[in-house]
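Residue-level structure breakdown
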Amino acid sequence: PHFSFESHEKSLENKVILVTGAGDGIGKEAAIKYAKCGARVILLGKTTEKLEHVYDNILELGGKQPSIVPLDLSGATLSHYEGLADTIASEYGRLDGILFNASILGNLCPFGQIKESEFDEVIQVNVKSQFLIVKAMLPILKMSPAASVVFTSSSVGSKGRAFWSTYSVSKFATEGMMQTLADEYKNSHIRFNSINPGATRTNMRAKAFPAEDPSELKTPSQIMPTYVYLMDDVSRGINGQLLHCQAGN
Ligand code: NDP
């Protein structure tokens, strides 16, 4: 295998981890996996029913009781995130990890056909919301003895590709945010990295590649080792890096 880290049921014992886009796809799998590794997860996402389903899953698996935060990143403002930070502080006393996973694909189209409103929405959800969340959460990340913030990149986040439009732009910006923060906080208890999941069997992938056979793709569960590794203190020395879950993409 490309990555040989093995997690266990105490890998993330008592860590408090916020996962965005926790209701579906990779984020759902990561939230459940983190809970299986002993973490207290805060499930943020757009569709409440999906979050409730993940919540039930975690309890059925014997995980610690999660929290649910239904929030649409396209409309949320700094005060929503500051309110969330206050709630996390009073409930848990600190924040040990954030997985920035939620994002939208937008329309894949020739650059000249990108609508201004679509550009704004993709940048709002994929980039600006992450800036606002980091800003609001820094005080409670500082209360953690060892915090890990993980962003989600893509192969089009390091090399542009025709027709990948605002999504590609947003993933480059995400990388830039990660690297800037990693350098700024390199002598602190907070580290910042990103993950490129590679082709993974989810709704987003099916929308981007409608002709592809999903059964040939890795499932979210198969790419979880990298997701746990970066939250686990075993990777404490890793900062400012982009980790690839799958060889070759
Ligand atoms: P999915 O579309 O399957 O899931 C995305 C999740 O983000 C959903 O739970 C969705 O919630 C949530 N979300 C989307 N918009 C908002 C919003 N406005 N507010 C709150 N939550 C929102 O995507 P994947 O699981 O495939 O992707 C996860 C990450 O991995 C993304 O950052 C993606 O760019 C990246 N990636 C994925 C690859 C792949 O092959 N799958 C390859 C490379 C990168 P809801 O369901 O309620 O709408």
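Per chain, residues are indexed from 1 in the order of the written sequence. Selection of residues for local features in this predicted model requires a pLDDT of at least 70, selection of side-chain atom pairs for listing and counting requires 80 or more, and totals for whole chains, interfaces and linings are taken over all residues.

1. Observations regarding the site of the ligand
Using the backbone to place each C-beta atom, any residue with that atom within 6 Å of a molecule or strand is considered near it. Contacts to the ligand come from 27 residues, most closely from G21, G25, T47, S103 and T202. Going along the chain from the N terminus, every DSSP run of H or I of four or more residues is numbered as a helix, and every run of E of two or more is numbered as a strand. At the level of elements, α1 (25-36) and α6 (203-208) are the ones that each hand at least two residues to the shell around the ligand. Gly counts as polar in this scheme, as do all residues outside two lists: the nonpolar Ala, Val, Leu, Ile, Met, Phe, Trp, Tyr, Cys and Pro, and the charged Asp, Glu, Lys and Arg. Along the lines of polarity and charge, the residues of the shell around the ligand split into 8 nonpolar, 14 polar and 5 charged.

2. Here's the deal with the sheet that holds strand β1 (residues 16-20)
Strand order in the open sheet made by the 7 strands is β3-β2-β1-β4-β5-β6-β7, with parallel pairing throughout. The open sheet has two free edges, formed respectively by β3 (67-70) and β7 (242-244), since each of these has just one partner strand. Across this sheet, the average inter-strand angle for adjacent strands is 20 degrees, counted without regard to direction. For two strands to be treated as a pair, DSSP must find at least two bridges joining them. Of the pairings in the sheet, the one linking strand β4 (residues 97-99) to strand β5 (residues 147-152) comprises 3 bridges and is parallel in character. Looking across to β5, one finds that L99 is bridged to V150. Here helix α5 (residues 165-184) sits on the sheet and contacts β5, β6 (190-196) and β7; the angle it forms with β6, its principal contact strand, is near 155 degrees. For helices, the fitted axis covers only the stretch in contact; all axes are lines through C-alpha atoms, and the angles between them, taken along N-to-C directions, range from 0 to 180 degrees. Here, residue contact means that the backbone-derived C-beta atoms of the two residues sit within 7 Å.

3. Quick look at the environment of V169
Residue placement: V169 occurs in helix α5. Remark: the alpha-carbon pair of V169 and L181, spanning 12 residues in sequence, is separated by 19 Å.

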